[in-house]
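Analysis of the macromolecular model
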Amino acid sequence: MSTTSTFSLKKEPVGQKPTFIQPISSCRVCSGESVRFQARVSGMPKPEILWFHNQQLMLPTTDIVFHFDESTGTAMLIIVDAFLEHAGQYSCKAGNSAGEATCTATLTVTAEGKTLKPSFTQKLKFKSVLEGDPAVFQCKLVACPTPAMTWFHNNRPIPKDLRRIVTMESDMHIHSSSLEVRDVRERDSGSYKVFAINSEGSAESTASLLVAQREEQNAKYLDFLRNIEAETFQPKSVTTLKEAAREQFLGDPPLEQPEPIPKATSINHSYTHKEPQDSRIDTKPNEQLEEFQAMIAKKKSPESIIYVLLCDG
């Protein structure tokens, strides 16, 4: 009896050749800008990634960075600052035990940079200032090539002088400009506009300036103080008010005092009066009293009064 023995051969797992799901793309940048090549690749086992520039193997440096994300299979090449010598053909090669794959793209670096239509990233804002204070308008925009910028006041170009100062700064394709109006006057109020234009197009931004007179501001401030005083005022006592009224004259020169009125002095004059001999009524005392009262009314001196009394006596 013959027996047939069956042998099962253990097969080695077959690997998956690398395949680029998303290859790198060609790009065009300005001199000094950063560049990023990115690709997605699949394969088993994990493929090894190599980068080539004009068919020359690239090595990482401070300006050239390689990165591979295993979870997503994303391979990345970053050039921090791209210059004319970085232009050319770039290749990403992925390989494993099952095979290899390559994708290619082109990098173009222009010395003058790419062109961009002006676009404001920070527009002008409304301003309200007091007469005599400065007013500053600021804006930022992106444009390439560098745009020509003009400022307008009520649709009229603003001439450069000592009171109106226009500044402009540029960093690559980012530009900023400001307008400072010193010693603002009432006629400076109105609409302000900045207009930017280059070979690719134009853009503008507008805002208003409100100038408040200081007299009006002071009047509003005084009204504000009066309202606060009316709400918090508490009446003082009569004694306190009198004391305050007296204190306000402490620094003034003394007033001229009226002459004192002399006090009335009593005059005591004694004289001898003879009684009448007869029993008839003597009318002299009554006559003397009437004459004495008449003298007082005529403001005669006490000496004359004494004289009369003595003579009649």
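Residues numbered from 1 in each chain as written. Predicted model: local features only at pLDDT ≥ 70, side-chain atom pairs only at ≥ 80, totals over all residues. Heavy atoms only, no water.

Broken down by element type, the protein carries 4 helices and 18 strands. Across the protein, the fraction of contacts at a sequence separation of at least 24, relative to all contacts at a separation of at least 6, is 63%. (Helix = DSSP H or I, 4+ residues; strand = E, 2+ residues; numbered from the N terminus. Contact = heavy atoms within 4.5 Å.)

Sheets are built from strands that pair by backbone hydrogen bonding, the pairs being arranged parallel or antiparallel. If you walk across this open sheet you meet the 4 strands as 1-3-7-6, and the pairing is antiparallel. Edge positions in the sheet fall to strand 1 (16-22) and strand 6 (64-69), since each of these pairs with one other strand and no more. With direction set aside, neighbouring strand axes in the sheet form an average angle of 25°. Judged from the 4 bridges that link them, strand 1 and strand 3 (residues 35-44) form a sheet pairing that is antiparallel. If you follow Phe20 over to strand 3, its bridge partner there is Val41. (Pairing = 2+ DSSP bridges. Axes fitted to C-alpha atoms, helices over the stretch in contact; angles between N-to-C directions.)

Let us now look at unusual backbone geometry. The step from Met44 to Pro45 runs through a cis peptide bond, and the omega angle for that step is -5°. On the secondary structure map, Pro45 appears in the loop between strand 3 and strand 4 (48-53). Positioned with a positive phi, Asn154 is a non-glycine residue whose angle comes to about 50°. One can find Asn154 in the loop between strand 13 (148-153) and strand 14 (156-157). For Asn154, a relative accessible area of 41% puts it in the partly exposed group. A positive phi angle is found at Asn155, which is not glycine, with a value near 65°. (Buried < 20%, exposed > 50% of the residue type's maximum accessible area, 1.4 Å probe, protein only.)

Our next topic: the packing of aromatic side chains. By the definition in use, this model includes 2 aromatic pairs. Note that Lys193 overlies the ring of Phe152, its terminal NZ or CZ placed 5.0 Å from the centroid. (Phe/Tyr/Trp six-rings, centres within 6.5 Å; stacked < 30°, edge-to-face > 60°. Lys NZ or Arg CZ within 6 Å of the ring centre and 35° of its normal.)

In spatial order, the strands read 11-18-17-13-14; together these 5 strands make up an open sheet with mixed pairing. For this open sheet the edge positions go to strand 11 (127-130) and strand 14, each flanked by a neighbour on one side alone. Where strand 13 lies against strand 17 (residues 190-198), 6 bridges are found, and the strand directions are antiparallel. In the sheet register, Trp151 faces strand 17, and the bridge partner there is Val194.

Our focus in this paragraph is the nonpolar core. Phe20, Phe37, Trp51 and Leu107 are the most contacted members of the largest nonpolar core, which has 23 residues in total. Among the elements of the structure, strand 3, strand 4, strand 7 (74-79), strand 8 (88-96) and strand 9 (99-110) are those that each provide at least two residues to this core. A per-element tally of this core places strand 9 first, with 5 residues. Excluding residues within four positions of it along the chain, Leu107 makes contact with Cys27, Val29, Val35, Phe37, Ile79, His86, Ala87, Gly88 and Tyr90. Core analysis: the next-biggest nonpolar cluster, separate from the first, contains 21 residues, Val129, Leu141, Leu179 and Val181 among them. (Core = buried A, V, L, I, M, F, W, Y, C linked by side-chain atoms within 4.5 Å.)

Turning to the confidence of the model for the protein, a few remarks are in order. Confidence along the protein averages 77 in pLDDT terms, with 65% of residues attaining 70 or more. Residue range residues 1-11 is modelled with pLDDT below 50. Its contacts to residues more than four positions away, or to other chains, number 0 contacts. Across residues 237-248 the pLDDT falls below 50, and counting only partners more than four positions away or on other chains, this stretch makes 1 contact in the model. (pLDDT = per-residue confidence, 0-100.)

What follows concerns the pattern of salt bridges. In total, this model carries 5 salt bridges according to the counting rule given. A salt bridge links Glu70 to Lys46; the shortest N-O distance between them is 2.9 Å. Note that Glu70 is positioned in the loop between strand 6 and strand 7 and Lys46 in the loop between strand 3 and strand 4, a separation of 24 residues in sequence. Between Arg182 and Glu180 there is a salt bridge, with the nearest N and O atoms lying 3.6 Å from each other. Here Arg182 falls in the partly exposed class, since its relative accessible area comes to 38%. Here Glu180 falls in the partly exposed class, since its relative accessible area comes to 26%. Connected through shared salt-bridge partners, Arg163, Arg164 and Asp188 make up one network. (Salt bridge = Lys/Arg side-chain N within 4 Å of Asp/Glu carboxyl O.)

With respect to the helices and strands, the residue Thr74 is situated in strand 7. Only 2.9 Å separates the side chain of Thr74 from the side chain of Thr72, close enough to count as a polar contact. Those residues in contact with Thr74, other than ones at most four positions away along the chain, are Gln38, Ala39, Arg40, His67, Phe68 and Asp69. (Polar contact = N/O pair within 3.5 Å; in protein donor to acceptor, adjacent residues only side chain to side chain.)

Along the chain, His53 falls in strand 4. Dropping the residues within four chain positions of it, His53 is found in contact with Met58, Glu85, His86, Ala87, Gly88, Gln89 and Tyr90.

Once that is clear, we can look at the environment of Gly99. Among the structural elements, Gly99 can be located in strand 9. The contacts of Gly99, once residues within four sequence positions are left out, are Lys17, Pro18 and Ala94.

Tracing the chain through its elements places Ser31 in the loop between strand 2 (27-30) and strand 3. Exposure remark for Ser31: the relative accessible area of 23% places this residue in the partly exposed category.

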